[in-house]
Every structure is written in structure tokens, then in C-alpha cells.
Amino acid sequence: MAKEDVLPAIHGGGRRILAPLRGVTIRPFRRVFADAIVQSGFVEAITPFIAANQGFDPLKDRELGSAEAIPVTPQFIGKDPAALRASLERIVAAGYTTADLNCGCPYPMVRNKGRGSGLLRTPEILRQMLEAGCQTMGPGRFSVKVRLGVDREDELLGLMRLFNGFPLRFITVHARTAAEMYDGPCHRGMFAQIISLAKCPVVLNGDIPLTGEVEGIPPGADVMIGRAFIRSLGDREDIGELLDRYIELSRQELCGERPVLCRLKELLAYWKDLPRWRRRWQIAKRACSLREFRVW
Ligand SMILES: Cc1cc2nc3c(=O)[nH]c(=O)nc-3n(C[C@H](O)[C@H](O)[C@H](O)COP(=O)(O)O)c2cc1C
């Protein structure tokens, strides 16, 4: 299958996918920041993970539903192939044509239960999940997001034969182990080996900036970017206006000020080191009401 068949190209280089960040790149965020997402060259977004379960209803799910500026791929987390199949059948019926499986969530309470990165330690269940995904979505329509391993950087290499047995759309590799969580240097040296072994396109992920070259990322590579994009938003001229809209949409969706404040604080925390936000963040993080919080 040619790469072009599975991901649309963007002008001048590799394709850019917006990373799923639970609590951050959620549907109202994608709506409010749609222009920034498009201007930054993203051609697709993966949703933060949704639990794959038998009762899943895409029409009631907060992550899905409205038309968006760029194509959106729902991401599922779980370890029950039948539940994944049922969830995927429902998103297909709702009109979605692609889906992604979370094989990367590093939190011990998730991975110790065999979900997220825990799937890397249960290859037979992983195989059944890939089978369920590829059969239900169809060839070239189901992707996976993985870590290099649970606590060793070479675990994924040993699983590539398994992944290669399925007609995956792409495999996104966050160049850390689950044990490393989100910090410390990425092991970009592993990318070349994974790309050489993979039968499907590989999307590179982990601390990739929005501009400039990075060692270990070949020019023109397909990349997934999360936190660098979120950080860049703090410097936008229109950020006050956008935040006001984000508050408004969040108030419509959530009950009371407290959850809205939590959501907004999580976003502003990405900007705490930007000169423009350093003092404002000190005030915003202590705010107990939206009135106190509006520091822009
Ligand atoms: C707050 C937060 C939430 C995340 N939620 C998800 C998620 O729902 N699904 C997923 O596959 N990865 C999730 N990730 C991982 C990111 O998608 C990405 O792999 C990681 O942040 C590294 O990329 P970056 O350095 O470009 O942000 C999350 C990361 C963070 C920091």
C-alpha cells in the first residue's frame, strides 16, 4: 500500500498529526483552536483515548460528533477484542473511516491491567486487538500508537513481526519507554531501526518542535506533535479571545466553574515559562473563580 493512500500529504514535507493529549486536545479545544491547528500544518488529529467497551455510544461521546477543521481519528484504549470490535462497529456506523489503538499509555494503573502500554507485554491479546481493529475498520484504516517498550527500549523491535502481520494504516512511535513517562531524553536512535523493520508508515513522536530540524528525525518524516503545539499557542496575539471562547464552550459542556477552571489551568500550565505568562500564571494557578482566573 503506498503511503499516499493512507495519509494526505502536506505541502513541503512530512505529514503532521496532532497528538492526543487527554484533557487538552479535546473536542472543544480542537474547535476553538481550529485555525491554529490548520496554520501549524496539521492534517489530522487523533482524539484522546476513549475506553473501548460494549456500551460505547459514539453519539453520546464527548470526543466525537461535530464536523471539524481536519479529519479526526478516534483512539481507543482497552484489552478486550470483542469490546473493541463493538466500539469500532459503532464508529463506522457513525461515519468514521479510521481508528487508532492506544498501546502507549504509561500510567502503572493502566498498564498493570494490560491496557495501553501493558498490551506490549501480552502479545496474544495485542494480536487479537490488531485483528479486531483491522477486520472491523478494513485494511489501511486502523493505526496504533506505541512506546518503545515498557521498561526497555528494544521491546518494540521484538514486536515488529507481530505488527507487520496486519495491514496497519501507520504506527506512531513515542520514542520513550512507558517507565520513562513523558520526561527525559527521547531515544530517537531507535527510529531508523523501526522504520527499516516496519511494513507500514511510521509516524515519529516525542518532543518534536513545530519548527527547525531535530537530530534523529529525517527531513520529510511523518510526525506527531503535541506539547510543542500547545506551548506555541501561548504566544498568539489573539489568545485572550480564544481563551474566552474556550471558557464559553467548556461552561456549556461542564457543570459548574470548578471543572472549567481545572481544564483551563491545565492548558495555561503549558505557558508558565513564556515571558508573557510567567506572572499571569502565578495568579491564574491560584484562582478559585473564573473572574480571578481571567488574567489576560
Ligand atoms: C497530558 C497528556 C495526555 C496524553 N493523553 C494521551 C492519550 O489520550 N492517548 C495517547 O495515545 N497519548 C497521550 N499522550 C501522549 C502524547 O500523545 C504524546 O505521545 C506525548 O506527549 C509525546 O509527544 P509530544 O512531546 O509531542 O507531546 C498524552 C500526553 C500528555 C502529556
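Computed from a prediction, not measured in an experiment: that's the story for all the values here.

A.B. asks: So, the domain arrangement of the protein: which residues are in play, and what are the values?
C.D. replies: In many reports, interface size means the accessible area that the parts give up when they come together. What the domain assignment lists for the protein is domain 1 (3-233) and domain 2 (239-293). The C-alpha centroid of domain 2 is placed 27 Å from the C-alpha centroid of domain 1. Every contact between the two is made by 12 residues of domain 1 and, on the other side, 12 residues of domain 2. For the side of domain 1 that touches domain 2, the elements supplying multiple residues, two or more each, are helix H2 (27-32) and helix H9 (227-233).

A.B. asks: Could you give an account of the packing of helix H4 (residues 81-93) against helix H6 (residues 123-137), with specific residues and numbers?
C.D. replies: Packing of H4 against H6 leaves a shortest axis separation of 9 Å and a crossing angle of 20 degrees. Looking at the two axes, H4 sits roughly parallel to H6. Between H4 and H6 the crossing geometry is right-handed. Contacts between H4 and H6 involve Pro 81, Leu 84, Arg 85, Leu 88, Glu 89 and Val 92 from the former and Gln 128, Met 129, Glu 131, Ala 132, Gly 133, Thr 136 and Met 137 from the latter. Residues that form the contact of H4 with H6 fall into these classes: seven nonpolar, three polar and three charged.

A.B. asks: Before we move on, could you go through the pairing of strand E2 (residues 42-46) and cite the residues and values that matter?
C.D. replies: Where strand E1 (residues 16-18) and E2 come together, three bridges link them in parallel fashion. Residue pairing in the sheet places Leu 18 in a bridge with Ala 45 of E2. Two strands pair when backbone bridges link them, and E2 and strand E4 (residues 72-73) are joined in this way by two bridges, in the parallel orientation. The residue bridging Ala 45 from the neighbouring strand is Val 72, located in E4.

Conventions adopted
- Residue indices follow the written sequence of each chain, beginning from 1 at its first position.
- Local features in a predicted model are, by the rule used here, given only for residues with pLDDT of at least 70; side-chain atom pairs are given and counted only at 80 or more, and totals for whole chains, interfaces and linings are based on all residues.
- Either an automatic procedure or a domain database provided the assignment from which the domain bounds are taken.
- By the convention adopted here, residues are in contact when the distance between their C-beta atoms, placed from the backbone, does not exceed 7 Å.
- Labels follow the DSSP assignment, with helices taken as runs of H or I lasting at least four residues and strands as runs of E lasting at least two, numbered in each case from the N terminus.
- All axes here are fitted lines through C-alpha atoms, helices being fitted over the stretch that makes contact, and every angle between N-to-C directions spans 0 to 180 degrees.
- For classification, angles of less than 35 degrees are called roughly parallel, those exceeding 145 degrees roughly antiparallel, those between 65 and 115 degrees roughly perpendicular, and all remaining angles oblique.
- Take the far helix as your reference; a near helix turned counterclockwise from it by less than a right angle gives a left-handed crossing, and one turned clockwise gives a right-handed crossing.
- Residues are grouped as follows: Ala, Val, Leu, Ile, Met, Phe, Trp, Tyr, Cys and Pro are nonpolar; Asp, Glu, Lys and Arg are charged; all remaining types, including Gly, are polar.
- Following DSSP output, two strands are said to pair if at least two bridges run between them.

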